[in-house]
Amino acid sequence: MTTAIAQGAETSGDEQPAGERSARRLLRLLPGAVAALVTVAALLAHGTPGRDVALFAAYVALVLTLPGALLWRALTRLRLPVAVDLAAGTAVGYALECFTYMAARAAGQPRLAVLGPALTVVAFAAVPRLRRHWRSGRRPRVPLPHGLAIAAGFCFLVVSSALTVFRGHGLTPPANLGPYVDMPFHLALVGELRHHMPPTIPEVAGQPLSYHWFVYSDMAAASWATGIEPETLLYRLSVLPMLAVFTVLVPAVGHLVTRSWTAGALALAATYLLAPPDPYAWSPGAFAFGPPTPALAWLSPTQTFGAAVFSALAVLVAVLLRDGGRRLLVPVALLLALVAGAKATYLPLLLAGVCLLAAADWLRTRRVDRDLLLLGGLTLATLAFAQFVLFGGAAQGVRVWPLFTAIKMAARWPTRAAIDGLPWAAAGVCAAFLLAWAAIWAGAFGPRRRPGSGPDRALTLFLGVGLASLGVVLLLGQPGLGQLYFLTAARPYLWIVAVAGLVAALRPAPPRLRPVLAVAAGAAGAGVLALVRAAGDPAPPRLDAPGGAGFGWAFVLPFVPLALLTGGLALALALRRVPWRRAALLWLVTGLSVPSAIATVRADLTPAGLRPQEIPAEGVAAMRWLRAHSDPADLVATNAHCRPGARRCDSRHFWISAYAERRVLVESWSYTARNMAALEDINRQPMTGLPFWDAGLLAANDAVFTAPTERDVSALKERYGVCWLVADRGARVRVSPRLDAYAVRRYSDGPVTVYEIV
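Please read these numbers as outputs of a predicted model, since none were measured by experiment. One numbering rule holds for all chains: residues counted from 1, following each sequence as written. Predicted model: local features are reported for residues with pLDDT of at least 70 only, side-chain atom pairs are reported and counted for 80 or more only, and whole-chain, interface and lining totals are derived from all residues. Only hydrogens and water are removed before side-chain values are computed, so all heavy atoms of the structure are retained for them.

### Comments concerning the overall build of the chain
Helix numbers and strand numbers start at the N terminus; a helix is a DSSP run of H or I with at least 4 residues, a strand a run of E with at least 2. Each helix and strand in the chain was counted, giving 31 helices and seven strands. The globule rule is 2.2 Å times the number of residues to the power 0.38, and the radius of gyration it is compared with is taken over C-alpha atoms. A globule of 758 residues ought to have a C-alpha radius of gyration of about 27 Å, and the chain, at 27 Å, matches this closely. Its C-alpha atoms give the chain principal-axis dimensions of roughly 90 × 80 × 50 Å. Taking the contacts inside the chain whose residues are at least 6 apart along the sequence as the reference set, 79% of them involve residues at least 24 apart. Areas reported as accessible are Shrake-Rupley estimates using a 1.4 Å probe. Residue values count occlusion only from the protein chains shown. Carbon and sulfur atoms form 64% of the exposed surface of the chain, whose accessible area is close to 29,800 Å². Seen as two clouds, the 68 positive and the 41 negative side-chain charges of the chain have centres 12 Å apart. Any pair of residues with heavy atoms lying within 4.5 Å of one another is described as a contacting pair. Counted charges follow a simple rule, with Lys and Arg positive, Asp and Glu negative, and His plus the chain ends left uncounted. By convention, charge coordinates are those of NZ in Lys, CZ in Arg, CG in Asp, or CD in Glu.

Written out as structure tokens, the structure reads:
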């Protein structure tokens, strides 16, 4: 096995007494046991049925982790710590589950999806050559302190999720009637994948689904296999194993390239806690985009799923760049295929990293490694398949728009000035972004251990991933600021690069001085930032004149005292000629971001309240009645298209398709590729406010509710195939009492009535 992991191993201790060996085995289980107990306690405390928790745990263990770990060991033949094997194996298990489910769902037998994992386990038990993969043997181990640190990181994510997501997203009314706007959208896609393959947009019948949908096939497969409600899976369960995979594998990747579990654990912690330094006294915090909150893991399950799968792919890439071995290209191709539909955002970033490394290799040796070329070719082919086959070439509103992100920030925060008057402000914000990013990832400027070696090559590739994400933020635009997900995707790998530089810079210092030096320099950086904020003007800057530079400079100038104070300390260290002055400077600059960690922890552990109610109190029960009494192929029409409470129609209305698990003729159109493509100016046009592109279809749909006639109702069924009507008397489009004369009332409760067209 690799020397990097082997250095973290503990001796087997065959000469130790049996009692001591047993105690060591129990201690090795402690991190996992603590994480499991905290997770179960959080779930039960927030209304998750114990039966569902047990069923889901069994599903993950038997359908995802066990067959996936066996396949991982057979395909990679790597001797990694058992925890890493299980985490990476779970990612492979997701691939086996998703691809098997797609075939089973297309064949009309979704419950048969468990046959793929089951047959895999049987094969590894029956075939003599495969049986050896059941045994862990003498494997390196994650040192107990680092295992506990990783478990603590996972527990932090679980506790924060419970406080910020579980509390605000109950599983029964009224606690589930005011979800975050995108959660019913995700739930509708789970329902779509439960009943249809290939999937389409359920809110507008016939529209292609140009979105990452593999995570919904995972939830659909789990729902069929366990009988757990999709809402429970989405709001409570399915994200948890993805978070576990990510929190184990990011430190493992960090250890592979730095040979330090401490560095790996620090990279994980920094990913979730540290934000770019914010020197503005008037700022509410998190300037230049803070770390991903634990809540984001639930509000964007596609991002979480993609992050988990890509972390397993990153393990393979790190080993491939260090040790070679084309046998790894098979699991690499498998995980790339899963990433394509899980979160294709990662593919162009990985390709950029491959290109940067190839260029560096060529400049250094005048040759490019064949394995690297194969990795790049596989990534490019997968990206092309994802873009032109899986997503039909749809851009989802993403387009080249230099400084769009900076313009958005300048226009909405902290001023409301017109965008046309902010050209210099956008440039200033952009410059501030670059300064803040250079400060938070200052460790990337640290020394490399062995130029051209395997670890160094992996760091170069990860640096390319990070630089590409920063370029996307500055050069591309998307109406929902979707370009920021590129930065979220790259953060862990930028932190691995930065932590590697910080650790390498400490080597000239005596071992006992290293932790003291890191803490002292980091604390000094935090103090410098506190001084600058305290001395700053608490009043937000204003736009002095259209096109003026004053507003833009307001973003850049606060970095000047930061640079002067930091430079002064650096000069003092240089004059003393201490061997560890580079380490002190890098840790000092990184310490500028330390205050953000306190604010981040406080925000992530602040309990959330319920959002304003958007779903009628009787709506969930009515749609579940419709689900139980209709066929998955039945089409529904509704008069509800807009979210309640908005002055203009916000067409992000998803709860009918979400809870009925039926396709709707026209319910909502904001997130369709066609609506995104209709945006001409993403600065001024909100994607939620565009009218529906087919005015005739929408008029025919709404006329059935507002002024029904026998001819109109019959036409809706004969021309469009509508079988059911869902009338919401609280919606903007009114419901005529004459509708009962032309359709059969099947269910009515409160403002929601379900009709059948016979």
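### Regarding helix H17 (residues 370-390)
Take the residue count of a helix, subtract one, and multiply by 1.5 Å to get its expected span. In this model, H17 (21 residues) spans 28 Å end to end at C-alpha, consistent with the 30 Å of a helix rising 1.5 Å per residue. Tucked into the core, H17 has its buried residues touching helix H9 (214-226), helix H14 (301-323), helix H15 (329-342), helix H16 (346-365) and helix H20 (454-475). The N-terminus of H17 is capped by Asp 369, whose side-chain oxygen sits 3.0 Å from the backbone nitrogen of Asp 371. Two N or O atoms count as a polar contact when they lie within 3.5 Å, although within protein this holds only if one can serve as hydrogen donor and the other as acceptor, and sequence-adjacent residues are included solely when both atoms are side-chain atoms.

### Quick word on the state of the cysteines
When the sulfur atoms of two cysteines share a covalent bond, that bond is a disulfide. The disulfide definition used here is simple: a pair of cysteine sulfur atoms within 2.5 Å. Per the stated rule, a full pass over the model turns up one disulfide. The disulfide that involves Cys 642 links it to Cys 649, with 2.0 Å between the sulfurs. Across the S-S bond linking Cys 642 and Cys 649, the dihedral sits near -90°, which makes this disulfide left-handed.

### Focus: the layout of surface pockets
Think of a 1 Å grid over just the protein atoms. A cavity is a set of points where a 1.4 Å probe fits yet cannot get out, a pocket is an open set with protein on both sides within 12 Å along at least five of seven lines, and lining residues have an atom within 4 Å of a point. Grid points are joined across faces, edges and corners, and a volume is the space filled by probe spheres set on the points. Taken as a whole, the second largest pocket holds about 1,400 Å³ of empty space. Along the wall of the second largest pocket there are 43 residues; nearest its centre are Gly 32, Ala 83, Leu 86, Ala 244 and Val 248. Of all the secondary structure elements, the ones that give two or more residues to the lining of the second largest pocket are helix H2 (18-45), helix H3 (50-76), helix H4 (82-106), helix H7 (144-166) and helix H11 (239-258). Ranked by residue count, the leading element in the lining of the second largest pocket is H2, at 11 residues. Its residues placed into classes, the lining of the second largest pocket shows 31 nonpolar, eight polar and four charged. Just so you know the grouping, Ala, Val, Leu, Ile, Met, Phe, Trp, Tyr, Cys and Pro go in nonpolar, Asp, Glu, Lys and Arg go in charged, and all remaining residues, Gly too, go in polar.

### A closer look at the packing of aromatic side chains
Here the aromatic set is Phe, Tyr and Trp, taking the six-membered ring for Trp, and pairing holds for ring centres within 6.5 Å; pairs whose planes are under 30 degrees apart are stacked, those over 60 apart are edge-to-face, and all others are tilted. This model, assessed by the stated rule, comprises 24 aromatic pairs. Ring geometry for Phe 310 and Tyr 346: centres 4.6 Å apart, planes at 25°, overall stacked. On the criterion of sequence distance, the pair formed by Phe 310 in helix H14 and Tyr 346 in helix H16 is long-range, its members being 36 residues apart. With respect to burial, Phe 310 and Tyr 346 carry one shared label: buried. With a centroid separation of 5.3 Å and 50° between ring planes, the pair formed by Trp 669 and Phe 692 is classed as tilted. With Trp 669 in the loop between strand S4 (663-664) and helix H29 (673-677) and Phe 692 in the loop between H29 and helix H30 (695-706), this residue pair connects regions lying 23 residues apart in the sequence. Only protein chains enter the accessibility calculation, which uses a 1.4 Å probe; a residue whose area is less than 20% of its type maximum is buried, one above 50% is exposed, and one in between is partly exposed. The exposure class of Phe 692 is buried, given its relative accessible area of 7%. Among the aromatic residues, those joined into a cluster by ring pairs are Phe 185, Tyr 211, Phe 654 and Tyr 671. Counted as over-ring charges are cases with an Arg CZ or a Lys NZ within 6 Å of the ring centre that also lie within 35 degrees of the ring normal. The ring of Trp 224 carries Arg 194 above its face, with NZ or CZ at 4.4 Å from the centroid. Between the NZ or CZ atom of Lys 343 and the centre of the ring of Tyr 485, over which it lies, the distance is 4.7 Å.

### Observations regarding the pattern of salt bridges
Salt bridges are identified by distance alone: a Lys or Arg side-chain nitrogen within 4 Å of an Asp or Glu carboxyl oxygen. Going through the model one piece at a time under the given rule, you end up with 19 salt bridges. Between Arg 457 and Asp 361 there is a salt bridge whose closest N-O contact spans 2.7 Å. Here the residue Arg 457 occupies a position in helix H20, and Asp 361 occupies one in helix H16, the gap between them amounting to 96 residues. With relative accessibility at 9%, the residue Arg 457 sits in the buried group. Taken together, the salt bridges that share partners define one network made up of Arg 194, Glu 229, Glu 231, Arg 624, Arg 627 and Glu 661.

Purely geometric stuff here, so don't read any function into it on its own.
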